[in-house]
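An overview of the molecular structure
Okay, here's what each chain looks like letter by letter:
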Amino acid sequence: MASRVDDDQDTENRGSMWVLDQKLDQPMDEEAGRLRNMYREKKFSVLLLLRLAFQSLGVVFGDLGTSPLYVFYNTFPGTIDDPEDVIGALSLIIYSLTLVPLLKYVIVVCKANDNGQGGTFALYSLLCRHAKVKIIPNQHRTDEELTTYSRSTFREQSYAAKTKRWLEERPFRKTALLLLVLVGTCMVIGDGILTPAISVLSAVGGIKVRGPSMNPDVVILVAAVILVGLFSMQHYGTDKVGWLFAPIVLLWFLLIGGIGIYNIWKYDSKVLKAFSPVYIYRYFRRNGKDGWTSLGGIMLSITGTEALFADLAHFPVLAVQIAFVLVVFPCLLLAYSGQAAYLMQNHDHVNDAFYRSIPVSIYWPVFLVATAAAIVASQATISATFSIIKQALAHGCFPRVKVVHTSKNFLGQIYVPDINWILMVLCIAVTAGFKNQNQIGNAYGTAVVVVMLVTTLLMTLIMILVWRCHWILVVIFTGLSLVVELTYFSAVLFKVDQGGWVPLVIAAAFLVIMFVWHYGTVKRYEFEMHSKVSMAWILGLGPSLGLVRVPGIGLVYTELASGVPHIFSHFITNLPAIHSVVVFVCVKYLPVYTVPEEERFLVKRIGPKNFHMFRCVARYGYKDLHKKDDDFEKKLFDNLFMFVRLEAMMEGCSDSDEYSIYAQQTEQSREGLLNNNGHTTSSSVDLTFSSVDSIVPVKSPIHVNNNTVGSSGQVSSHTEVDELEFLNSCRDAGVVHILGNTVVRARRESRFYKKIAVDYIYAFLRKICRENSVIFNVPHESLLNVGQIFFV
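What you see is a predicted model, and the numbers here were worked out from it, not measured in a lab. Every chain is numbered independently, its residues counted from 1 as its sequence is written. Local features in a predicted model are, by the rule used here, given only for residues with pLDDT of at least 70; side-chain atom pairs are given and counted only at 80 or more, and totals for whole chains, interfaces and linings are based on all residues. Hydrogens and waters are ignored; side-chain quantities use all the structure's heavy atoms.

1. Quick look at the overall build of the protein
Each helix is a run of DSSP H or I of at least 4 residues and each strand a run of E of at least 2, with the numbering of both proceeding from the N terminus. From N to C terminus, the protein includes 30 helices and ten strands. The proportion of buried residues among the 792 residues of the protein is 57%. By definition, residues are in contact when any of their heavy atoms lie within 4.5 Å. Within the protein, contacts between residues at least 6 apart in sequence are counted, and of these 84% link residues at least 24 apart. Surface exposure here means Shrake-Rupley accessible area, sampled with a 1.4 Å probe, where a residue is shielded only by the protein chains that are shown. Summing over all exposed atoms, the protein offers an accessible surface of approximately 33,500 Å²; the carbon and sulfur share of this is 60%. Each residue gets one of three labels from its accessible area relative to the maximum for its type: buried under 20%, exposed over 50%, partly exposed in between, using a 1.4 Å probe on protein chains only.

So this is what it looks like as structure tokens:
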């Protein structure tokens, strides 16, 4: 029996005990079949990669691929005075595509994904696992044992260890890092507004080329109708129509690449001289400040690169790299070169360079494909916006909004109704307000370059803390990236008054919302931490307070992963009765993309067994979601009962003391339960946070009498009742969900901006956001809200 316990302990350190047993019970021929399948998978891995590379075209590269629609128009908003300017602009486009999407993102940044997840918050999650930079300190050592919680250790005197200590030293640095991430996130949201506007408007603009007498307002109206249709279909999810995306985008790339070859052959093959960087120098020398400000238009050739990283979720990095190198990169180079060749002989057509360079015989088919590709590009950006909102929500940086899974097969495909309609209104407002691709392009460029700068700064920390690169490599990557991106940033600053202010205003509004919400969340958590109840007070409950135990189970929701929340004392002080069984439920998000279902719950007993008090911590990753079809309550009780069984099994073993070896003891999880003499009663109380997940269990029969707690903290009993039967009977008697309804107010002596942030903005957001009871799918008749007011 002792050997069996040791085996269980080893298994629990890796995850779930019963999962291992299932594997051991598999027949040998089944295992052999699995090995054969693995061999076949390796054998056909090349075909699998090519298929995934093809599928990635429709999700990852749509935004980047539609840039040829509007780049030259935004680079030369007037006319072209010197044909060599076209070659200079083309040279800038070629090297921008090479340095940023190819070298920086596809080769380097994409490898910094968090188990396949990309975007600014994915990078932030990586940093949170390697350094204690998360502002809400609700993590526990047992969280690091998750199979998805990958991290590395540092040598004490290494550069990475010094950087880690520097980040952790002062709260200001943690806040600055979070602000940096929030700025990048807000700019991605701005990108989700501007991409559909400029892509659809540029694509639909092809109508004017074949109908020059058409009223420009008709183009705006058609674009607005398409945008309304696009946003109205979001609730169906990309999984329903996703099979169309890849063929459309592949056809688009082949068309623009083929048209580019045709134009180079027909008009002027001299544009191929642009591969020489000498023409970049001549371009700036000849045009001076005007050439510098034109970089705002050149930069649009690399828009969509950040979406490329944010949309990594369902494709291996190698598949994305293959698609970019074999299809996207060469086709884009050919497309821009072909437009440049056309402009060498048609200087006055720069406003509609893309459509005018199309051969007349295939004009309308290309127009239809361009419009479809613009819709696909917009879809990818909108989906990326939903994803990053969900990540911000999980990190406590966004008000609780409704999140809907649109696919049973893909965890990352979600729909956020509130954000969808906000994006639609803002997108149509931008389209109808500007009526001009040039000003929308200026705004678009501002949003993109800020996101790229944020990514560069985060990547610097990733290279030091996660990859532990040599400092020379870090300096080279950071230096080259900043030189290119700051150059573009200086150019877009000249166009802030020409449309560039739009993403700044949008980002500022979302930044205020996100930061104020996070500030209120942190203050609420700190209040719960500082006002939590001591176990000595819990043990002292008795007849002197008139406390009685009523039939049923009370689920007390709290943000604390350790300790008894103040809401509990507030409740029983005003209503001196508690349920026969009390479970403190903590739902927390960890800096991982997902928590496996079998590792989701941690269960622990609080106080003596006759108190029947437990804590259950439900852990989620930033990609996980509470779905209404999930029976959260059922899973919670399944894990609670399993915990009780394991506890009973461990106590029945002769070497049961070993159980406490792998149950981590930390200051946060250790709760001193003192008896009347001031000594710890370790014989009847489990002081540790169980390292076993929801599939972990605990204890044997106990003695109960009328469920009334005596003043000595012991339950007198005349009848022996199995604890599992007791729990089941209490569950049958009824389950009540007790939620805290905390009101946060600024102190009277607080500064005016704090009063505005807390008393008005945060209070308003709390009022309009979703209630926790809705998120947990709590039945209204079983809900009990306990109100509290505290001042910050």
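2. Looking at the sheet that holds strand 5 (residues 601-606)
For two strands to pair, DSSP has to find at least two bridges joining them. Strand order in this open sheet of six strands is 5-6-4-3-9-10, and the pairing throughout is mixed. The strands lining the two open edges of the sheet, one partner per strand, are strand 5 and strand 10 (783-791). Each strand of the sheet is rotated relative to its neighbour by a mean of 25°, with strand direction disregarded. Note that strand 3 (residues 548-558) and strand 4 (residues 577-589) share nine bridges and pair parallel. For Gly554, the partnering residue across the bridge sits in strand 4 and is Val582. Axis definition: a line fitted to C-alpha atoms, over the contacting stretch in the case of helices. Angles run 0 to 180 degrees between N-to-C directions. Sheet contacts for helix 23 (residues 501-530): strand 3, strand 9 (735-745) and strand 10; angle to strand 10, the most-contacted strand, approximately 95°.

3. Observations concerning the side chain of Thr195
Considering the arrangement of structural elements, one finds Thr195 in helix 10 (residues 171-204). Taking the relative accessible area as the measure of exposure, Thr195 reaches 0% and is therefore buried. The term polar contact refers here to a pair of N or O atoms within 3.5 Å; inside protein, the definition further demands a hydrogen-donor-capable atom paired with an acceptor-capable atom, and it admits residues adjacent in sequence only when both atoms are side-chain atoms. Looking at Thr195, its side chain comes within polar contact range of the side chain of Tyr444, at 2.9 Å. In this structure Thr195 touches Asp63, Ala377, Ser378, Thr381 and Tyr444, once residues within four positions along its chain are discounted.

4. Topic: unusual backbone geometry
Non-glycine residue Arg468 carries a positive phi angle of around 55°. Its location among the elements puts Arg468 in the loop between helix 21 (437-465) and helix 22 (471-493). Residue His612 is not a glycine yet carries a positive backbone phi of 55°. Residue class for His612 comes out buried when judged on its relative accessible area of 3%.

5. Section: the pattern of salt bridges
Salt bridges are identified by distance alone: a Lys or Arg side-chain nitrogen within 4 Å of an Asp or Glu carboxyl oxygen. Evaluation of the coordinates by the stated rule reveals 17 salt bridges. Its salt-bridge partner being Glu84, residue Arg286 comes within 3.2 Å of it at the nearest N-O pair. Within this pair, whereas Arg286 is found in helix 14 (residues 278-293), its partner Glu84 is found in helix 7 (residues 83-108), the two being separated by 202 residues in sequence. On the basis of relative accessibility, which here comes to 33%, the residue Arg286 falls in the partly exposed class. The salt bridge partner of Glu723 is Arg605, with a shortest N-O separation of 3.1 Å. In this pair, Glu723 sits in helix 28 (residues 723-733) while Arg605 sits in strand 5, placing the two residues 118 residues apart along the sequence. Among the charged side chains, a network of salt bridges with common partners joins Asp82, Glu84, Asp85, Arg282 and Arg286.

6. Regarding the packing of helix 9 (residues 159-169) against helix 21
At their nearest, the axes of helix 9 and helix 21 sit 8 Å apart, and the two run at 130° to each other. Between helix 9 and helix 21, the crossing angle belongs to the class labelled oblique. Judged by residue contacts, Tyr159, Ala160, Thr163, Lys164 and Leu167 of helix 9 engage Leu461, Ile464 and Leu465 from helix 21. Polar here means any residue other than Ala, Val, Leu, Ile, Met, Phe, Trp, Tyr, Cys and Pro, which are nonpolar, and Asp, Glu, Lys and Arg, which are charged; Gly is therefore polar. Tallied by class, residues from the contact of helix 9 with helix 21 come to six nonpolar, one polar and one charged. If an angle is under 35 degrees, it is roughly parallel; if it is over 145, roughly antiparallel; if it lies from 65 to 115, roughly perpendicular; otherwise it is oblique.

7. What to know about a nonpolar patch on the surface
On the surface, a cluster of nonpolar side chains totalling about 760 Å² of accessible area is made up of Tyr159, Trp471, Ile472, Leu473, Val475, Ile476 and Leu480. Among the elements that take part in the nonpolar patch, helix 22 stands out by supplying six residues, more than any other. Structurally, Ile472 can be placed in helix 22. Surface patches are defined over residues having more than 30% relative accessible area and no salt bridge, joining like charges when they lie within 9 Å and nonpolar side chains (Val, Leu, Ile, Met, Phe, Trp, Tyr) when within 5 Å.

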